[in-house]
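Residue-level structural notes
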Amino acid sequence: LKHAARLAPAPCRWNSGLPMNIGVLFVPQQEAWVVERMGKFHRILEPGLNFLIPLLDRIRYVQSLKEIVINVPEQSAVTLDNVTLQIDGVLYLRVMDPYKASYGVEDPEYAVTQLAQTTMRSELGKLSLDRVFRERESLNASIVDAINQASDCWGIRCLRYEIKDIHVPPRVKESMQMQVEAERRKRATVLESEGTRESAINVAEGQKQAQILASEAEKAEQINKAAGEANAMLVKARAKAEAIQLLAAALAQQHGNAAASLSVAEQYVNAFSKIAKDSNTVLLPANTGDVTNMVAQALGIYTTLTKPQAVKTQDEMPPAHEDSHSSATEVLKAEQGSSS
């Protein structure tokens with residue numbers, strides 16, 4: 001019954017029968033023969049040529065030192081969230097101590113298989129369904145550690161354990177499919193919203209940069225315009241200053257006041273000639289026809305404006321001042337004659 005309980009056969013010492021003691025024995029490589037003398041453990045035969053005493057010595061156990069593969073039968077296990085799973089696996093063993101494997105347990109392979117099943121159910125009860133699929137490697141490692149702690153006294157070491165297949169109930173599988181579809185739709189919606197957000201951010205950033213560049217361009221334009229106007233004002237001021245200096249130099253020369261009086265009289269006469277061109281409404285003084293009076297009035301205004309300067313220059317150049325007045329009088333008489 002014990003051997004029938006193992007559903008999957010494995011290469012073990014029970015398949016080939018025990019060798020007979022004929023005195024001279026040849027032990028194959030990767031095998032260990034346990035010898036008893038008169039029913040008591042005597043020694044373990046090494047691979048190669050060995051000598052025994054017939055009838056007294058008996059080969060009691062044959063242990064294979066190769067790695068043994070055992071199929072763990074499918075079993076039911078309940079997860080932490082109360083989901084029943086059907087799970088099976090593969091167990092990889094190796095006999096490390098033939099003495100303990102022979103005398104520590106009756107059937108070490110069967111014992112390790114049962115231990116693997118119970119450990120698997122215990123470990124699955126600590127995990128939820130989602131974690132069972134995500135943490136298969138950690139689950140395998142936990143089962144291997146638990147088996148090694150218990151099988152150390154049996155002389156067997158579990159090298160690794162692999163879960164072959166996990167069967168989920170149909171309703172749970174449908175729920176998992178719905179959950180996967182919902183998760184994918186959620187990801188698609190999130191990705192689409194993130195794309196829309198990134199697009200809006202890029203558009204806003206572009207508009208912001210455009211406004212900044214436009215404002216900077218307008219600022220630069222205003223600065224350049226102000227700089228140009230300032231330069232133009234400086235140039236005009238310098239030109240006006242130079243003109244005033246030249247005019248002052250000209251007035252300081254001989255007959256300068258007479259020339260200035262003549263220029264003022266000409267501008268006064270020209271102003272009346274352009275009045276009717278600029279506007280339909282014309283305001284004229286009462287003595288418009290009296291040219292001599294108008295010129296005398298203009299000269300009086302200019303004399304009033306230039307009186308302080310005339311007082312200063314009278315002491316310096318009295319002859320030149322008289323000559324300028326006489327020459328100005330002669331010029332006015334000549335103008336009156338030509339206008340009449």
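Structure report, in brief.

Parameters and conventions
- Residues numbered from 1 in each chain as written.
- Predicted model: local features only at pLDDT ≥ 70, side-chain atom pairs only at ≥ 80, totals over all residues.
- Heavy atoms only, no water.
- Helix = DSSP H or I, 4+ residues; strand = E, 2+ residues; numbered from the N terminus.
- Buried < 20%, exposed > 50% of the residue type's maximum accessible area, 1.4 Å probe, protein only.
- Contact = heavy atoms within 4.5 Å.
- Areas by Shrake-Rupley, 256 points an atom, 1.4 Å probe, with all protein chains shown as cover.
- Pairing = 2+ DSSP bridges.
- Axes fitted to C-alpha atoms, helices over the stretch in contact; angles between N-to-C directions.
- Parallel < 35°, antiparallel > 145°, perpendicular 65-115°, else oblique.
- Left-handed = near helix turned anticlockwise from the far one by under 90°.
- Patch = residues over 30% accessible without salt bridge, like charges linked within 9 Å, V, L, I, M, F, W, Y side chains within 5 Å.
- Salt bridge = Lys/Arg side-chain N within 4 Å of Asp/Glu carboxyl O.
- Expected span 1.5 Å × (residues − 1).
- Arc of directions from axis to C-beta.
- Core = buried A, V, L, I, M, F, W, Y, C linked by side-chain atoms within 4.5 Å.

1. Focus: the overall build of the protein
Along its length, the protein carries ten helices and eight strands. Taken over 340 residues, the protein has a buried fraction of 25%. Expressed as a percentage of contacts within the protein between residues at least 6 apart in sequence, the contacts between residues at least 24 apart total 68%. When the accessible surface of the protein is split by element, carbon and sulfur atoms take 56% of a total near 23000 Å².

2. Quick word on the pairing of strand S6 (residues 67–78)
Looking along a regular strand, one sees side chains alternate from face to face of the sheet. Where S6 and strand S7 (residues 84–95) come together, ten bridges link them in antiparallel fashion. By the bridge assignment for S7, Ile70 is matched with Leu91. Between the antiparallel neighbours S6 and S7 lie five residues, among them Asn82 with a positive phi of about 60 degrees.

3. Overview of the sheet that holds S7
Spatial ordering of the open sheet is given by S6-S7-S8, a layout of three strands whose pairing is antiparallel. Looking at which strands have only one partner, the edges of the open sheet turn out to be S6 and strand S8 (156–167). Each strand axis lies, on average, 20 degrees off the axis of its neighbour in the sheet, ignoring direction. Contacting S6, S7 and S8, helix H2 (residues 108–124) crosses the sheet at an angle of about 40 degrees to S6. On the sheet, helix H4 (residues 136–151) packs against S7 and S8 and is oriented at approximately 140 degrees with respect to S8.

4. Observations regarding the sheet that holds strand S5 (residues 57–64)
The three strands lie next to each other as S3-S2-S5, forming an open sheet whose pairing is antiparallel. Among the strands making up the open sheet, the edge pair consists of strand S3 (40–45) and S5. If you compare each strand with its neighbour and ignore which way they point, the axes differ by 25 degrees on average. Bridge count for strand S2 (residues 31–37) against S5 is seven bridges, and the pairing is antiparallel. Bridging across to S5, Val35 finds its partner in Ile59.

5. A word on the packing of H2 against H4
Interhelical geometry of H2 versus H4 gives an angle of 135 degrees and a closest axis separation of 9 Å. Put simply, H2 runs oblique to H4. H2 and H4 meet at a crossing whose hand is right-handed. For the pair H2 and H4, contact is made by Val112, Leu115, Ala116, Thr119, Met120, Glu123 and Leu124 and by Leu139, Ser142, Ile143, Ala146, Ile147, Ala150 and Ser151, respectively.

6. A closer look at a nonpolar patch on the surface
A contiguous nonpolar patch, built from Val24, Phe26, Leu49 and Phe51 and spanning about 430 Å² of accessible area, is present on the exposed surface. Put simply, the parts of the chain that give the nonpolar patch at least two residues each are strand S1 (24–27) and strand S4 (48–51). Among the secondary structure elements, Val24 is positioned in strand S1.

7. A word on H4
An ideal rise of 1.5 Å per residue puts 22 Å on 16 residues; H4 measures up with 22 Å between its terminal C-alpha atoms. Buried within H4 are the following residues: Leu139, Asn140, Ile143, Val144, Ile147, Asn148 and Ser151. Buried residues of H4 fall within an arc of 165 degrees about the axis and therefore sit on the same side. Next to the buried residues of H4 lie S7, H2 and S8.

8. Here we look at the nonpolar core
Core analysis: the biggest nonpolar cluster contains 30 residues, and Leu91, Ile147 and Tyr161 have the highest contact counts within it. In terms of residue count, H2 provides more of this core than any other element does, six residues in total. Membership of the second largest hydrophobic core comes to eight residues, among which are Leu25, Val35, Leu45 and Leu52.

9. Thoughts on unusual backbone geometry
For Gln30, which is not glycine, the phi dihedral falls at a positive 60 degrees. Following the sequence through the fold, Gln30 ends up in the loop between S1 and S2. Judged by its relative accessible area of 32%, Gln30 is partly exposed. Unusually for a residue other than glycine, Leu55 sits at a positive phi of about 70 degrees. Mapped onto the elements, Leu55 comes out in the loop between S4 and S5. For Leu55, a relative accessible area of 87% puts it in the exposed group.

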